[in-house]
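# Breakdown of the fold
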Amino acid sequence: MNGHPVEVGATAPDFELQDQHGSPVRLSEFRGTRVVLVFYPLAFSGVCHGELSALRAFPADAQLLTVSVDSVFAHRAWADQEGYAFPLLSDFWPHGQVARAYGVFDEGKGFARRGTFIIDGEGVIRWSVVKPIGEARDVADYLKALADIA
C-alpha cells in the first residue's frame, strides 16, 4: 500500500475519466449532488462482482461513480454482461492516476484498494472507508452515511 487516503473534510480531487461508453465524466460536473465514489481492484473478479451488483439498487438522489484501472473496453463488456447502468470509469492511463490522488492505489499490485468516498454537493469528502483488496465493503454502510449527509 502506498499513500494515505484523502481525509474526510478535504476537498475531493477533481478528475476526468472515460466511462464504459468512452464518454468523459468529470467529478466537478456533479456539484450540487452527493457523489459516492467507489474504487475497486478489477472487473470480473468475485468480490468486485458482489459489491457492484449490490450497487444496482442505489438511491437516485446520489450519483454513483465506480473506478478501476480496467480499460474502457473491459468495463463495457462487464457492464453489458451484468447490466450495470451506472458509470464504470477507466483509470487505465495514466495508470491509476485517480486512485493515487485519492490515496488508494496499491503500487505493488498495480490497481486500487477498495476505497469508497462520499462527496457532498460542495465537493467535500464527508465519509470514507478503505478495505484491503480481498475484503468486501458493506453497501448498507454507504446508505447509512448518505442518510446522515442530507
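Structure first, text after, so check above.
In what follows, the accompanying structure is described. This structure is a prediction, so every number in the text was calculated from the model and none was measured.

### Some points on the pairing of strand 4 (residues 62–68)
Burial analysis of strand 4 places six of its seven residues in the buried class, which makes it a mostly covered element. By the bridge criterion, six bridges tie strand 3 (residues 34–39) to strand 4 in an arrangement that is parallel. Bridge pairing in strand 4 places V38 opposite T66. Pairing of strand 4 with strand 5 (residues 88–90), which is carried by three bridges, proceeds in the parallel orientation. Note on strand 5: the bridge partner recorded for V67 is L89.

### Some thoughts on the nonpolar core
Counting residues in each nonpolar core, the largest one holds 25 residues, and the members touching the most others are F15, L37, F39, L65 and Y102. Elements with a minimum of two residues in this core: strand 3, strand 4, helix 3 (97–101), strand 7 (111–112) and strand 8 (114–119). For this core, the element with the highest residue contribution is strand 3, accounting for three residues. Judged by nonpolar contacts, the second largest core, of 20 residues, contains F58, L64, W78 and F86.

About the cut-offs
- Residues numbered from 1 in each chain as written.
- Predicted model: local features only at pLDDT ≥ 70, side-chain atom pairs only at ≥ 80, totals over all residues.
- Heavy atoms only, no water.
- Buried < 20%, exposed > 50% of the residue type's maximum accessible area, 1.4 Å probe, protein only.
- Helix = DSSP H or I, 4+ residues; strand = E, 2+ residues; numbered from the N terminus.
- Pairing = 2+ DSSP bridges.
- Core = buried A, V, L, I, M, F, W, Y, C linked by side-chain atoms within 4.5 Å.

Bear in mind that shape data such as this cannot, by itself, settle questions of function.
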